[in-house]
Amino acid sequence: GCFEQVDSQALWLSLARKARDATDGLARAALLRPGGAIGSQDTLRNLTMCLKHCVELDSMLESKSDDKVRMVGLAEDLLGLLQRCTGPEDPKAPAEAVKQVLRDIKSQTSVAGRFEWVDGPLVSAVEAGSWVLLSHAEQAAPAVLDRLNS
């Protein structure tokens, strides 16, 4: 990782990705419940609205919309829908991840000249539980190999 200049667009893209992931996860959980029952019509309606909000947020980001007030409102509505869709048996983490990114976006008044820590590919892969391919790792210093193996 390293320090990089703050990119507000990256926060919005992160919010959109986390919202899509949360919506997908809740939809899968609803479909995989015993007996294949999705639950109430309200849950189905809320999941549908979540998908619509995700698509609208994606289109605003693709068009590089400057309407931040509309985007924050859309994200808040989406968060509310995600929280309503989350049942007692569903994981709370996806909606909480969206809430945290939205809080970060709201706390930024001006990003001009600010720097923040950005995790590198190794840390990101470890957090996501993904694989990492290290080319020529055998040529690394013994101290580095010790840290990678621990």
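You'll find the structure just up there.
Residues numbered from 1 in each chain as written. Predicted model: local features only at pLDDT ≥ 70, side-chain atom pairs only at ≥ 80, totals over all residues. Heavy atoms only, no water.

For the overall build of the chain, give the residues involved together with the corresponding values.
Helix and strand counts for the chain stand at 6 helices and 2 strands. Its helices and strands in sequence order give the chain the pattern β-α-α-α-α-β-α-α, from N to C terminus. In the chain, buried positions account for 29% of the 150 residues. Restricting to contacts in the chain with at least 6 residues of sequence separation, those with at least 24 account for 72%. On the chain, roughly 10,000 Å² of surface is accessible, and the fraction owed to carbon and sulfur atoms is 57%. (Helix = DSSP H or I, 4+ residues; strand = E, 2+ residues; numbered from the N terminus. Buried < 20%, exposed > 50% of the residue type's maximum accessible area, 1.4 Å probe, protein only. Contact = heavy atoms within 4.5 Å. Areas by Shrake-Rupley, 256 points an atom, 1.4 Å probe, with all protein chains shown as cover.)

Go over a nonpolar patch on the surface with me, naming the residues and quoting the values.
There is a patch of nonpolar side chains on the surface, built from Leu 122, Val 126, Val 132, Leu 134, Val 144 and Leu 148 and spanning about 490 Å² of accessible area. Contributions of two or more residues to the nonpolar patch are made by α5 (121-128) and α6 (142-149). Looking at the secondary structure, you find Leu 148 in helix α6. Overall, Leu 148 belongs to the partly exposed group, its relative accessible area being 39%. (Patch = residues over 30% accessible without salt bridge, like charges linked within 9 Å, V, L, I, M, F, W, Y side chains within 5 Å. Salt bridge = Lys/Arg side-chain N within 4 Å of Asp/Glu carboxyl O.)

Requested: an account of the nonpolar core, with residues and values cited.
Of all hydrophobic cores here, the largest spans 28 residues; its most connected members are Trp 12, Leu 15, Leu 57 and Leu 82. At the level of elements, α1 (8-31), α2 (41-62), α3 (68-85) and α4 (93-107) are the ones that each hand at least two residues to this core. No other element matches α3, which puts 9 residues into this core. Residues in contact with Leu 82, not counting those within four places in the same chain, are Ala 22, Thr 23, Leu 26, Cys 50, Ala 95 and Val 98. (Core = buried A, V, L, I, M, F, W, Y, C linked by side-chain atoms within 4.5 Å.)

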